[in-house]
Amino acid sequence: MVNKYLYLNTIGCQMNVYDSEQIALRLAALGYQQTASLEKADLVIVNTCTIRAKAEQKAFSFLGRLARLKKKKPGLIAAVGGCVAQQEGDKIFKRIPYLDLVFGTQAIDRLPHLIQTIEKKRCRIVDIQQTDKPDFQEAQDHIFPTGQVSRFVTIMRGCDNFCAYCVVPYVRGRETSRHPDVILNEINQLAEAGVKEVTLLGQNVNSYGKKEGLGSFTELLWQIAQIEPLLRLRFTTSHPKDFDGELINAFRTNEKLCKHIHLPVQSGSNRVLERMNRKYTKELYLDKVAKLRDTCPEIAITSDFIVGFPGESEADFEETLDLIRTIEFDGLFAFKYSDRPNAPAAKFDAKVSDRQMKKRLQILLDLQETCTKKKNQALVGSCLSILVEGFSKRQISGDLNQPYQAVQWTGRTSTNKIVNFYRHGDSDNCEEIAPGQLVDVKIEKAYSHSLWGKPVERKGATGGLKGEKIYAA
Ligand code: SAH
Ligand code: SF4
Ligand code: F3S
């Protein structure tokens with residue numbers, strides 16, 4: 001088979017990261033090898049996001065850059081996939097005339113066929129078909145590259161919640177869960193390839209399997225936890241309205257389940273939450289967080305916020321700040337509200353000005369920064385278990401005869417905090433550490449986005465990834 005090159009640009013959430021991996025796997029079967037060089041590519045795919053206007057602009061600005069490349073190399077196939085493709089369909093052809101393929105969020109299984117057709121006939125294709133069938137992405141035999149510690153696995157697609165600001169239900173279709181056997185099979189293969197941690201993906205994992213009668217999300221977590229070589233399990237996202245006692249208890253009882261939950265609240269004002277169609281109140285959210293902390297005191301909680309939702313007053317915003325002060329999140333993401341096509345809020349009046357949104361966003365982020373630092377600072381002196389993800393080589397002394405002097409390892413705590421640590425030369429026996437290993441690290445310094453520490457002896461640490469070369473100075 002002739003080797004051809006694929007350049008894949010992924011914009012957006014973890015689901016797009018997972019989808020891009022699926023795209024690469026399917027195209028590898030057609031002889032496409034991934035490249036980091038645009039110039040070398042025979043096929044360029046941009047997997048797009050449209051959650052906010054800025055993400056959509058990013059996709060179009062990348063597509064704009066392809067014009068020059070296409071002129072130089074007319075045989076190049078240019079394709080756009082993902083959420084912008086789903087939203088815009090063939091309208092993209094008008095804007096980007098040299099584009100060959102527009103494929104939607106549910107067309108990944110058909111992609112090899114679409115690309116082969118274009119290779120043969122040099123035609124232009126749009127495939128944005130959507131179905132509610134649950135058999136998506138299951139026929140693939142997964143051949144995974146080794147050397148990866150942590151992977152995403154999509155367990156459901158789409159969303160039925162229709163939050164007033166959100167484009168996801170329109171671009172990802174109706175909520176559909178994959179069968180547990182298919183998920184377990186995929187994770188077994190990942191574990192066999194050396195993966196130690198999986199993050200299960202869905203827009204609202206709490207409703208996993210409900211429509212299809214496939215059992216509950218917590219049951220699925222238990223089944224996955226039986227896969228022995230796997231050390232850790234994570235998931236995202238849980239919707240506060242459906243976050244239930246069964247899942248809360250799992251944080252205490254399921255040892256592989258990491259002690260972190262991302263529970264997007266969006267606003268601390270009941271008036272805004274209602275207009276957003278979130279279907280919970282601030283009180284319900286606070287109550288669930290209290291139960292969670294009662295059950296699992298070490299749990300780390302992160303969240304998403306939207307500032308400047310249409311009609312958000314200063315008083316509403318103050319309530320949001322109050323909620324942040326009360327809960328003391330471990331971290332959060334905050335976004336300026338952005339009008340999206342099809343989302344009902346685009347037609348709401350009383351829009352908040354960009355200047356106001358900017359101001360509110362900064363106040364919110366400053367408040368959280370203080371809290372995050374305080375939380376990280378509180379960990380100094382404690383000893384935490386880190387799943388080692390990777391390393392980089394650093395010059396840390398003035399000896400320029402040495403290309404690098406130390407290995408900086410990086411990993412995460414169960415609570416999803418990034419921890420970096422050094423092992424100096426071979427004197428410190430750095431063969432003991434490898435990606436995929438659990439290492440106990442004593443935390444010495446805290447920063448806004450990471451912690452710094454020193455590994456301490458750990459009895460019975462489990463092995464690293466097979467074939468991983470460990471650096472010794
Ligand atoms: N399913 C997840 C969210 C997925 S989108 C949930 O329900 O929480 C990720 C985040 O993007 C959302 O939590 C929200 O904070 C933000 N977001 C979504 N639409 C937005 C919009 N129109 N403007 C600004 N932020 C938005
Ligand atoms: Fe969007 Fe709401 Fe669905 Fe999350 S739950 S994806 S915010 S519609
Ligand atoms: Fe973006 Fe689509 Fe994900 S809109 S956030 S890539 S579901």
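About the criteria used
- Residues numbered from 1 in each chain as written.
- Chains lettered and ligands numbered in written order.
- Predicted model: local features only at pLDDT ≥ 70, side-chain atom pairs only at ≥ 80, totals over all residues.
- Heavy atoms only, no water.
- Helix = DSSP H or I, 4+ residues; strand = E, 2+ residues; numbered from the N terminus.
- Near = heavy atom within 4 Å.
- Polar contact = N/O pair within 3.5 Å; in protein donor to acceptor, adjacent residues only side chain to side chain.
- Areas by Shrake-Rupley, 256 points an atom, 1.4 Å probe, with all protein chains shown as cover.
- Nonpolar A, V, L, I, M, F, W, Y, C, P; charged D, E, K, R; others polar.
- Buried < 20%, exposed > 50% of the residue type's maximum accessible area, 1.4 Å probe, protein only.
- Contact = heavy atoms within 4.5 Å.
- Pairing = 2+ DSSP bridges.
- Axes fitted to C-alpha atoms, helices over the stretch in contact; angles between N-to-C directions.
- pLDDT = per-residue confidence, 0-100.

A. Seen up close, unusual backbone geometry. With an omega of 10°, the peptide bond between Thr236 and Thr237 qualifies as cis. Inspection of the secondary structure assignment puts Thr237 in the loop between strand E11 (232–236) and helix H9 (245–253). Even without glycine at this site, Ala350 takes up a positive phi of about 55°. Take Ala350: it is sitting in the loop between strand E14 (331–336) and helix H13 (354–377).

B. A look at the site of ligand 1. The environment of ligand 1 is formed by 15 residues, the closest being Tyr165, Gln203, Gln266, Asp304 and Ser338. Between ligand 1 and the protein, one listed contact pairs a nitrogen atom with a backbone N or O atom of Ser338 at 2.8 Å. For ligand 1, whose accessible area on its own is 550 Å², the fraction buried by protein is 90%. Secondary structure elements with two or more residues in the shell around ligand 1: strand E13 (300–307) and E14. Classifying every residue of the shell around ligand 1 gives six nonpolar, four polar and five charged.

C. Representation of the environment of Ile51 in the model. Here Ile51 shows up in the loop between strand E3 (43–48) and helix H2 (53–72). The partly exposed category is assigned to Ile51, whose relative accessible area is 30%. Distance from Ile51 to Val167, taken between C-alpha atoms, is 6.2 Å for residues 116 residues apart in sequence. With residues up to four places along the chain from it excluded, the contact list for Ile51 reads Cys166, Val167, Val168 and Arg340.

D. Looking closely at the sheet that holds E11. The parallel open sheet is built from three strands, whose spatial order is E7-E10-E11. Lying at the two open borders of the sheet, with one neighbouring strand each, are strand E7 (150–154) and E11. With strand direction ignored, the average angle separating the axes of adjacent strands in the sheet is 25°. With five bridges connecting them, strand E10 (residues 197–201) and E11 associate as parallel partners. What sits directly across from Thr199, in E11, is Arg234.

E. Spotlight on the confidence of the model for the chain. Predicted confidence across the chain gives a mean pLDDT of 90, with 89% of residues reaching 70 or more. Confidence over residues 425–430 falls short of pLDDT 50; this stretch has 11 contacts with residues more than four positions distant or in other chains. Of the regions scoring below 50 in pLDDT, residues 459–473 engages in 35 contacts with residues more than four places distant in sequence or in other chains.

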